[in-house]
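# Chains, contacts and geometry: an overview
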Amino acid sequence: MRRVQYERSGGPEVLEVVAAQVPVPGAGELLVRVEAIGVTLSAIRRISAQPVAQQLRAEVAGEVVAVGDGVDGYSVGYRVVGLCTADAYAEYVVLAADQASAIPDGASAVDAVALMRSGLVALGALDTAAPREGETALITAAAGGVGHLAVQLARVRGASWVVAAVSDTAKADFVRELGADEVFTYDQLHCGKQADYALDGIGGSGIGATLAGLAEGGRAVTYGTGTGLLDAEDLLAGGKSLTGFRIGRLAQRDPARYEDLRQEVWQYYASGLLHPVVHAQFPLDDAAAAHAVIEQRANLGKVVLIP
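So, how was this worked out
- Residues numbered from 1 in each chain as written.
- Predicted model: local features only at pLDDT ≥ 70, side-chain atom pairs only at ≥ 80, totals over all residues.
- Heavy atoms only, no water.
- Helix = DSSP H or I, 4+ residues; strand = E, 2+ residues; numbered from the N terminus.
- Rg over C-alpha atoms; globule rule 2.2 N^0.38 Å.
- Buried < 20%, exposed > 50% of the residue type's maximum accessible area, 1.4 Å probe, protein only.
- Contact = heavy atoms within 4.5 Å.
- Areas by Shrake-Rupley, 256 points an atom, 1.4 Å probe, with all protein chains shown as cover.
- Lys, Arg positive; Asp, Glu negative; His and termini not counted.
- Charge placed at Lys NZ, Arg CZ, Asp CG, Glu CD.
- Phe/Tyr/Trp six-rings, centres within 6.5 Å; stacked < 30°, edge-to-face > 60°.
- Lys NZ or Arg CZ within 6 Å of the ring centre and 35° of its normal.
- Salt bridge = Lys/Arg side-chain N within 4 Å of Asp/Glu carboxyl O.
- Core = buried A, V, L, I, M, F, W, Y, C linked by side-chain atoms within 4.5 Å.
- Pairing = 2+ DSSP bridges.
- Axes fitted to C-alpha atoms, helices over the stretch in contact; angles between N-to-C directions.

This next bit is on the overall build of the chain. Helix and strand counts for the chain stand at nine helices and 15 strands. A compact globule built from 307 residues would reach a C-alpha radius of gyration of about 19 Å, and the chain, at 19 Å, matches this within 12%. Counting only residues that meet the buried cut, the chain has 51% of its 307 residues in that class. Here the contacts in the chain between residues at least 6 apart in sequence split such that 64% fall between residues at least 24 apart. A total of about 13,000 Å² of accessible surface is found on the chain, and carbon and sulfur atoms cover 49% of it. When the 24 positive and 36 negative side-chain charges of the chain are each reduced to one mean point, those points stand 2 Å apart.

And the structure:
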């Protein structure tokens, strides 16, 4: 089979396609023939920042072709989506059964990887913000894989006004079509309607712009992986709050809640309330090109690899 790996840190150029053995599922694991792989900014940042090569992690979707010991609920032929924590950019992967979710009839593998991990992050962060009916919402990185779903979910959960922040005004029409009422670049956020809560996909020093778009007493939840320090003056003077959110932590500490989120995401999708948008599909051999699109902040929605 083919697999993408890297031996040193860097940009998209460090990715290489190699021949590898098909893995064997162990206890509690599924062997999946991969049909689609979701590319994330966090994976790209891990490659560029880690001094030693790490395993490529990603959301994958495909067909179960073998089942390890002790697995209940799945058998050969099932279509599943889930987080693969090692060697995810490959034609076949091993997936922990407790990280897998059955793909409903009518949903494609591409929709599944565009929806599940990103949708779980968006919905989990939204729940953490504890929105109330009629409140105003701010979504940063609003055109990205998570952000474009967060815009839709904020509206579904009763936001009366949705402010979206993007890196380029060329993305404005895209996020307006998803339900945003106002669209700003980060340096303009203080000009818009001040939000009651914010879902921040930037992180690090970029959170300062998010806080500028919050009303006094507003609350921000960040799932962003950006670097740098935050100037806390606006946080303190405005009586604002900031909470970090990581979906993997929730999965480990509260698996029941994690499963509830999965079911809720699928329900929104099935009812037509949540529409995953795929910016582009790249062949596995072009993984470097897929990474370059995200590094350049050029994507509108999810970027997907197809083995």
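Next comes the rest of the account.
Before going further, it helps to examine the packing of aromatic side chains. For the structure shown, the criterion picks out two aromatic pairs. When the centroid spacing of 6.0 Å and the interplanar angle of 80° are considered together, the rings of Tyr 74 and Tyr 78 count as edge-to-face. Residue Tyr 78 is classed as partly exposed on the basis of its relative accessible area, which comes to 38%. One residue, Lys 193, lies across the ring of Trp 161, its end atom 4.2 Å from the ring centre.

For the structure shown, the criterion picks out 14 salt bridges. For Arg 257, the salt bridge goes to Asp 127, with nearest N and O atoms at 2.0 Å. Of this pair, Arg 257 sits in helix 8 (residues 255-270) while Asp 127 sits in helix 2 (residues 109-129); the two residues are 130 residues apart in sequence, bridging distant segments of the chain. We note a salt bridge from Arg 155 to Asp 181, for which the minimum N-O separation is 2.4 Å. Taken together, the positions of Arg 155 in helix 3 (residues 147-156) and Asp 181 in the loop between helix 4 (172-178) and strand 10 (182-185) put the pair 26 residues apart, joining distant regions of the chain. Look at Asp 181 and you get partly exposed, because its relative accessible area is 31%. Shared partners join several salt bridges into a network, and the residues in it are Asp 127, Arg 157, Arg 257 and Glu 264.

Glancing now at the nonpolar core. Buried together is how nonpolar side chains tend to be arranged in soluble globular proteins. In terms of nonpolar packing, the biggest core is built from 54 residues, with Val 81, Ile 139, Val 175, Tyr 197, Leu 199, Ile 247 and Trp 266 touching the most fellow members. Taken together, the elements giving at least two residues each to this core come down to helix 2, strand 8 (136-139), helix 3, strand 9 (161-166), helix 4, strand 11 (195-200), helix 7 (247-253) and helix 8. Sort the elements by how many residues they give to this core and helix 2 lands first, with 13 residues. Counting 34 residues, the second-largest nonpolar core is a separate cluster that includes Ile 44, Ile 47, Val 60 and Ala 287.

Looking at where Arg 262 falls in the secondary structure, it is placed in helix 8. Note on Arg 262: relative accessible area 7%, which makes it buried. Other than its neighbours up to four places away in sequence, Arg 262 contacts Asp 98, Gln 99, Ala 100, Ser 101, Met 116 and Leu 120.

The phi dihedral of Asp 87 is positive, around 50°, even though this residue is not glycine. In this structure, Asp 87 sits in the loop between strand 5 (79-84) and strand 6 (92-96). The backbone of Ala 130 shows a phi angle near 50°, a positive value even though the residue is not glycine. Within the element layout of this structure, Ala 130 appears in the loop between helix 2 and strand 8.

Once that is clear, we can look at the sheet that holds strand 9. Strand order in this open sheet of six strands is 10-9-8-11-12-13, and the pairing throughout is parallel. Two strands close off the open sheet at either side, each with one partner strand: strand 10 and strand 13 (241-244). The mean inter-strand angle of the sheet, taken between neighbouring strand axes irrespective of direction, is 20°. Both strand 12 (residues 214-222) and strand 13 contribute to a ladder of four bridges, which runs parallel. Across the sheet, residue Arg 219 finds its bridge partner in strand 13, namely Ser 241. Across the sheet, helix 2 touches strand 11, strand 12 and strand 13, and the angle it forms with strand 11 is around 145°. Helix 3 rests against strand 8, strand 9 and strand 11 of the sheet, and its axis sits at about 175° to strand 8.

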